[in-house]
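# Results of the structural survey
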Amino acid sequence: MARIFVYGTLKKGQPNYYRMFESANGTAEFLASACTTQKYPLVIAGKYNIPFLLNIPGQGHRVQGEIYKVDDKMLKFLDDFEGVPTMYQRTQVDLEVKEWVGKTEGEERPAAGSITEAFVYSTTAYQPDWPSLPGYESYDAYGDHGLEYVTREGRD
């Protein structure tokens, strides 16, 4: 089992959240809400208005998201879904726990404010102007940014 930090369309209430719970993709269990310990640029970019976490530590905001425990099948699905290694790369990130609700096997439940790590899908394959785009602390496909996310099914 691996831990994954999601910050975009895979979060609760977002357009791809359902993919985390399609049994054909594997299994996922919500563990915690958290934010990155370092700042990163979280931008909305491309013609489909996709959220991208740019792998530029120290710039942007401490990004809010959710930690999930996933099995190997779900990890492979997510790698494919996120276009690893060309579109996104899966790397380790340090996270500050906001609220831990998931089960922990044989270990204490991490307290709010404690540091844990998980995989994150970030990218080094971004366009030159992306670091200058507006940055966000928390992504919401339905937010007031006016950039409508285009689902996979709606793309040409």
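About the cut-offs
Residues numbered from 1 in each chain as written. Predicted model: local features only at pLDDT ≥ 70, side-chain atom pairs only at ≥ 80, totals over all residues. Heavy atoms only, no water. UniProt positions renumbered as here; feature names shortened; annotations may be inferred. Helix = DSSP H or I, 4+ residues; strand = E, 2+ residues; numbered from the N terminus. Contact = heavy atoms within 4.5 Å. Core = buried A, V, L, I, M, F, W, Y, C linked by side-chain atoms within 4.5 Å. Buried < 20%, exposed > 50% of the residue type's maximum accessible area, 1.4 Å probe, protein only. Pairing = 2+ DSSP bridges. Axes fitted to C-alpha atoms, helices over the stretch in contact; angles between N-to-C directions. Phe/Tyr/Trp six-rings, centres within 6.5 Å; stacked < 30°, edge-to-face > 60°. Lys NZ or Arg CZ within 6 Å of the ring centre and 35° of its normal.

The chain is annotated in an unreviewed UniProt entry as Gamma-glutamylaminecyclotransferase of Perca flavescens. Under the UniProt heading Function (unreviewed entry), the note attached to the chain is "May contribute to degradation of proteins cross-linked by transglutaminases by degrading the cross-link between a lysine and a glutamic acid residue. Catalyzes the formation of 5-oxo-L-proline from L-gamma-glutamyl-L-epsilon-lysine."

## Considering the environment of aspartate 79
Within the secondary structure layout, aspartate 79 lies in helix H1 (residues 72-81). Spatially, the C-alpha atoms of aspartate 79 and proline 110 are 27 Å apart, while their sequence positions differ by 31 residues. Apart from residues lying up to four places away in sequence, aspartate 79 is in contact with Val84, Arg90 and Tyr121.

## Observations concerning the nonpolar core
Formed by 45 residues in total, the largest nonpolar core has its most connected members in Phe5, Tyr7, Phe52, Ile67, Val70 and Leu78. Sorting the residues of this core by element identifies strand S1 (2-6), strand S2 (28-40), strand S3 (42-45), strand S4 (50-53), strand S5 (61-70), H1, strand S6 (89-100) and strand S7 (115-122) as the ones contributing at least two each. Setting aside its immediate chain neighbours within four residues, isoleucine 67 contacts Arg3, Ile4, Phe5, Glu29, Phe30, Leu31, Ala32, Ala34, Leu95, Trp100, Thr116 and Ala118.

## A few points about the sheet that holds S2
Hydrogen bonds between backbone groups are what pair the strands of a sheet, and the pairing can be parallel or antiparallel. On the basis of which strands lie adjacent, the closed barrel formed by five strands has the order S1-S5-S2-S6-S7 and mixed pairing. Direction aside, neighbouring strands of the sheet carry axes that sit 50 degrees apart on average. Relative to S5, S2 runs antiparallel, the two being bridged by nine bridges. Within the sheet, the bridge partner assigned to alanine 34 lies in S5 and is glycine 65. In this fold H1 packs onto S1, S2, S5, S6 and S7, with an angle of close to 135 degrees to the strand it touches most, S5.

## Quick look at the UniProt feature "active site" (unreviewed entry) in the chain
The feature "active site" (unreviewed entry), as annotated in UniProt, sits at Glu82 in this numbering. Relative accessible area serves as the criterion here: at 11%, glutamate 82 is assigned to the buried category. Apart from the residues within four sequence positions on either side, glutamate 82 is in contact with Leu10, Met87, Tyr88 and Tyr121.

## Remarks on the environment of glutamate 96
Locating glutamate 96 in the fold gives a position in strand S6. When near neighbours in sequence (up to four residues on either side) are disregarded, glutamate 96 contacts Ser33, Ala34, Cys35, Thr37, Arg62, Gly113, Ser114 and Ile115.

## Points about the pairing of S1
In terms of burial, S1 is largely enclosed, as four of its five residues are buried. As judged from the five bridges shared by S1 and S5, these two strands associate in the antiparallel manner. Residue valine 6 lies in a different strand from S5, and its bridge partner there is glutamate 66. Pairing analysis gives two bridges linking S1 to S7, with the strands arranged parallel. Residue phenylalanine 5 lies in a different strand from S7, and its bridge partner there is valine 120.

## Some points on the packing of aromatic side chains
Overall, the coordinates contain six aromatic pairs when judged by the stated rule. Measuring from ring centre to ring centre gives 5.5 Å for phenylalanine 30 and tyrosine 68, while their planes differ by 65 degrees; the resulting arrangement is edge-to-face. Separated by 38 residues along the polypeptide, phenylalanine 30 in strand S2 and tyrosine 68 in strand S5 bring together distant segments of the chain. Considered together, phenylalanine 30 and tyrosine 68 belong to a single accessibility category, that of buried residues. Taking 5.7 Å as the distance between ring centres and 20 degrees as the angle between the ring planes, the aromatic pair formed by phenylalanine 77 and phenylalanine 81 counts as stacked. Remark: phenylalanine 81 and phenylalanine 77 occur in helix H1; sequence separation between them is four residues, near one turn of the helix. Like phenylalanine 77, the residue phenylalanine 81 is buried in the burial classification. Note that lysine 12 overlies the ring of phenylalanine 30, its terminal NZ or CZ placed 3.3 Å from the centroid.

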